Amino acid sequence: MAMKKVLTMLLLVAMIFAIAACGDGKKSNDIENSDVTTNQVEKTTEAISTYELVAIDNEEILVKVTGINPNYMYGYAIEAYVKNKSSDTDYTLIIPNASINGVNAYAESLYGVNAGEEKEITIFFTNIKTLIENDIGEFSDIKLTFLVRDASDWYIEPLAQETVNIYPLGKDKATKFVRETLATDEILVDNDEVTIIVTDYDLNGEYGYTINLYIVNKSEKFHKYTYTYVTINGNEFISVWEKTLTPNTVSFDSAVFMDFELEDIGVDGADIKEISFDLKVSDDSEDVVYLELPVNLKPTY
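Residues numbered from 1 in each chain as written. Predicted model: local features only at pLDDT ≥ 70, side-chain atom pairs only at ≥ 80, totals over all residues. Heavy atoms only, no water.

## As for the overall build of the protein
Secondary structure assignment for the protein yields 5 helices and 18 strands. For the protein, with 301 residues in total, the buried portion stands at 49%. (Helix = DSSP H or I, 4+ residues; strand = E, 2+ residues; numbered from the N terminus. Buried < 20%, exposed > 50% of the residue type's maximum accessible area, 1.4 Å probe, protein only.)

Structure, rendered in structure tokens:
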């Protein structure tokens, strides 16, 4: 039993770091520029002090949305109330998936709730700045998935999982973002299942050389996107890139080659002429592969 608890705690720590690492490579930048983000949100969406929507309500736990706060210190946020009805079991509330106007959003998403505890939580989105910069419109349809697990045993089935839609402007005003195709787009794949586009290359990205991507999951299934066997200017490059995307959702994402990684293979970002890799689209477990293809990019600046 002691070993099981140790393994559970190690898994929890690993999940915390994994969630902190998720995103489009711009989390720190978004939070650091929260004042700009907040001002932009104020221009597009009116503050809503109260908004009540019950997400989960069973014998063990209550989770409900209580308000919307576009003026939160880290940008647009959802206020929620959680009540652990159990007298002897601690639970962990997770937000594994989120989207705004159909665009993938990264929610700050791990909350512990002790037995008998009631608490108010603030759910904010770490890529709000990216969404605003890409002009996804007024925030009219916010989709959140709430997942509740036993805090002491993550190996058992979740206690509850529910997905809800929040309509800040009213359901009748909900919109879905549609991106206009640009002449500079470099389309890697476009079929009934998925579209993946390179939108541009950034030599001076915050974390290094950056390939900016626009991904569309057109299916009713979860997608995982990975690349392997990367070469840059013919040099083997050891890199791991993995993204997941919920059904019928789009995402502004990026693949980053950090400066020190390029230095290890003797390449300067400004001198990159060719990038090759094998791209794979699969289900979340990678048991089912929907697409595999070789990609050869020749960046222009």
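## Let's talk about the pattern of salt bridges
Summed over the entire model, instances satisfying the criterion amount to 8 salt bridges. Salt-bridge contacts for K64 lead to E52; the nearest nitrogen and oxygen are separated by 3.8 Å. In this pair, K64 is assigned in strand 2 (residues 61-69) and E52 in the loop between helix 3 (34-44) and strand 1 (53-57), connecting sequence segments 12 residues apart. Owing to a relative accessible area of 62%, E52 belongs among the exposed residues under this scheme. Linking D190 and K218 is a salt bridge whose minimum nitrogen-to-oxygen distance equals 2.8 Å. Highlighted residues: D190 in strand 10 (residues 186-190) and K218 in the loop between strand 12 (208-217) and strand 13 (223-232), separated in sequence by 28 residues. A relative accessible area of 34% places K218 in the partly exposed class. (Salt bridge = Lys/Arg side-chain N within 4 Å of Asp/Glu carboxyl O.)

## A look at the nonpolar core
Formed by 43 residues in total, the largest nonpolar core has its most connected members in I78, I100, I123, F125, L144 and F146. In this structure, L144 is in contact with I78, I95, N97, A98, I123, F125, E162, T163, V164 and I166, ignoring residues within four places of it in sequence. Counting 30 residues, the second-largest nonpolar core is a separate cluster that includes I196, Y209, V267 and L291. (Core = buried A, V, L, I, M, F, W, Y, C linked by side-chain atoms within 4.5 Å. Contact = heavy atoms within 4.5 Å.)

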